[in-house]
Amino acid sequence: MNDRTSALDSVVFGVDIQSGDIRGDSPSYALVVLDTRDTESDEVRIERDVVSFRKLRRLIERDEPRVVATDNMYELATDKDDLVRFLRWLPHGTQLVQVTGAERPEPLSRVASRHGVPYGKEPMKEAEAAARLALANVGYEVAAFENTTTVKVSRGRSTGKGGWSQDRYTRRIHGSVKQQSREVESALKEANLDYERDVTEKYGGYSQALFTVEARPEDIPVSTHRSGDTRVEIERERRDGIEFEPLVKRRDRVIVGIDPGTTTAVAVVGFDGRVLDVHSTRTADTAAVIEWLIERGRPSLVAADVQPMPETVEKFRRSFDAAGWAPPSDIPVDEKLHRTREVDYDNDHERDALAAALFAFDDHEDQFERISRKVPADVDREEVIARVLASEESVEAVLREMDDDGGESGGDDADEEAHEEPELTPEEREIRELRSRVERLESHVEDLNSTIEEKDETIEEYKQELSDARREERREARERREVTRLERENGRLERKVESLESDKAELADKLDQLKSLWKLDHSNFADVNTDGSLVPVKIVEQFTNGALDHTVEEYGIAAGDVVYLRDASGAGRTTAERLAEFDPKVVLRSGNLSEVADEVLFEADVPVAPADGVTIQEIDELAVAKESEVESAIADWEDRAEERQKEQQKEMVDQIISEHRAENRRG
């Protein structure tokens, strides 16, 4: 499979969403398990099942597969943070592989076709395609952690708050941490692992020892555990983000863009248009740049961003025996910026090299796709593309040439001479050349016909889009007319509401004026209290600051007033202190005061009596009570206050006696 080798003696899980969604409730997955362990033949043991997400995780924990393969990693996680948690949970040695590519994945059908893997649109067939691709080492591992692991040795118990044996207890714990850290360090040395140690020394030993190890958790001969006074925690170092690592690092065919000059910049792009690397240098010579490129692939197309191709770029092209590409005219800067907008680069030279490689890919993309459609699944597509670029021959001719190369035997020189073709006459050579030219022209005609078909399909798509756009425009026009009608109706209703609000405000003002006049007419309390037996009562609806504010604002509360608390519950110290500052004659209450409020009013010498013993007459917002009943309520309170003071004095004397006796006993 395109120079890739299958992973023997391993288990691969292929998964695809069967129903639901990972962001919703209870998604189900199509699961295909490929097991190549203990198989004497080339056959692979296959298991298929539909499982819930919870069961999928249980199976992964139980079987610890080498790979969990999917066409989209976000079918297993809701977002990046959830994906990191999933990767942290995976068993050591299990990789999450996205078989469709890295940051910009391809359709699974295209990847499967390229590698000769059976594909179907059903979830179970997609899961099997993903598993088979991963088994052939196709795809990218999804990684969120470095190959650096932190081993933390710390206290397993708290050192406590103190006591007779506190020092000895703390010294023992810190000594245990130090002993455990020495055992961990010894294990790391025996495993020949590179590490850095950072310890926090405390009384009697260490409170913590931190080892930063250049290895994965499964390679470290220490496990997470807690034992007595110590505990050991192992955690992989997190990367800045999600990264993708190819399962097989091989030297693929690549497109190279070069920007020569005082600073030489080179960019490497794959045949799929993916940017693989970019580099610039002011000190490296040509040989060093060539070596850098060789490490990243086999250049098949060398591109420049100007016309004609600079001589330095031409030298690089000849060094790799690659095809060349230059634009019809120098590429404008704004086009370079637009084409490289999704790629990170450090300077303008790297931008120009990237633009050259990417524009070269754009110019050849259709050709690459046409060649790919003609290449059989068991033939290296990139090799065919590279040969077509280099020789400018037809795909069929290149395939025949590759078949001839593959069919050559390794016989001796005598056999080769015996099988040499006889020398051709000029006419025969001309016929062969003409046939080859006809084949190339036929291939070109096929390409043109394919292009025409694609353009016809594109035209039909545009026609359909135009029809949809017109239909959408008519719908939007109807919506705009309806919106305009509703806006007019809304405006009419808003004007009506404003008119009603104005009338309401005017009526409210008139009502306030009438109330003021009524209060003015009844402000002379002597007109009501004709026989002098009544006293005015100021009503407070509830014993709160807000209700007090309302009563003060409407009627005022002065010293010597009778205050009636319609609901005396719920008041705290601040509200009670505020009422006491008014120095009322008596506070009549309905309901019980809180202990705090009762204590504050008692200490302020404010009489408090139940309202049940006083007849309160209310007329609209005015209230009056019989003065005799008010005086009786005050007298009752004074009697209760005297008893309460005596009781408090008695308790104080008892407390003083108790304290005196306690001092005598201690003495």
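Our structure's up above, just so we're on the same page.
Here is what the cut-offs are and how they apply
- Residues numbered from 1 in each chain as written.
- Predicted model: local features only at pLDDT ≥ 70, side-chain atom pairs only at ≥ 80, totals over all residues.
- Heavy atoms only, no water.
- Pairing = 2+ DSSP bridges.
- Helix = DSSP H or I, 4+ residues; strand = E, 2+ residues; numbered from the N terminus.
- Axes fitted to C-alpha atoms, helices over the stretch in contact; angles between N-to-C directions.
- Parallel < 35°, antiparallel > 145°, perpendicular 65-115°, else oblique.
- Contact = heavy atoms within 4.5 Å.
- Nonpolar A, V, L, I, M, F, W, Y, C, P; charged D, E, K, R; others polar.
- Patch = residues over 30% accessible without salt bridge, like charges linked within 9 Å, V, L, I, M, F, W, Y side chains within 5 Å.
- Areas by Shrake-Rupley, 256 points an atom, 1.4 Å probe, with all protein chains shown as cover.
- Salt bridge = Lys/Arg side-chain N within 4 Å of Asp/Glu carboxyl O.
- Lys, Arg positive; Asp, Glu negative; His and termini not counted.
- Charge placed at Lys NZ, Arg CZ, Asp CG, Glu CD.
- Buried < 20%, exposed > 50% of the residue type's maximum accessible area, 1.4 Å probe, protein only.

Peer 1: Tell me what's going on with the sheet that holds strand E12 (residues 264-270), and back it up with residues and numbers.
Peer 2: The mixed open sheet is built from five strands, whose spatial order is E13-E12-E11-E14-E15. Each end of this open sheet is capped by a strand with a single partner; those strands are strand E13 (275-281) and strand E15 (323-325). Sheet twist, expressed as the average angle between the axes of neighbouring strands with direction ignored, equals 25 degrees. With three bridges joining them, strand E14 (residues 298-303) and E15 adopt parallel strand pairing.

Peer 1: Outline the packing of helix H17 (residues 595-603) against helix H18 (residues 627-666), listing residues and values.
Peer 2: Close contact between H17 and H18 brings their axes to 12 Å; oriented N to C, the two are set at 100 degrees. One element, H17, and the other, H18, form an angle in the roughly perpendicular class. Within the contact between the two elements, H17 uses Asp598, Glu599 and Phe602 and H18 uses Trp637, Ala641, Arg644, Gln645 and Gln648. Of the residues contributing to the contact of H17 with H18, the split by class is three nonpolar, two polar and three charged.

Peer 1: Before we move on, can you summarise a negative patch on the surface with the specific residues and values?
Peer 2: Negative charge collects at one region of the surface, where Asp583, Asp605, Asp636, Glu638, Asp639, Glu643, Glu647, Glu651 and Asp654 lie side by side. Inspection of the secondary structure puts aspartate 636 in helix H18.

Peer 1: Residues and numbers for unusual backbone geometry, please.
Peer 2: A cis amide bond, omega 0 degrees, links glutamine 307 with the succeeding residue proline 308. Following the sequence through the fold, proline 308 ends up in the loop between E14 and helix H7 (311-320). Of note in this structure, asparagine 192 is not a glycine but carries a positive phi near 55 degrees. Residue position: asparagine 192 is located in the loop between helix H5 (166-190) and strand E7 (195-202). With a relative accessible area of 68%, asparagine 192 lands in the exposed category. One non-glycine residue with positive phi stands out, namely aspartate 321, at about 50 degrees.

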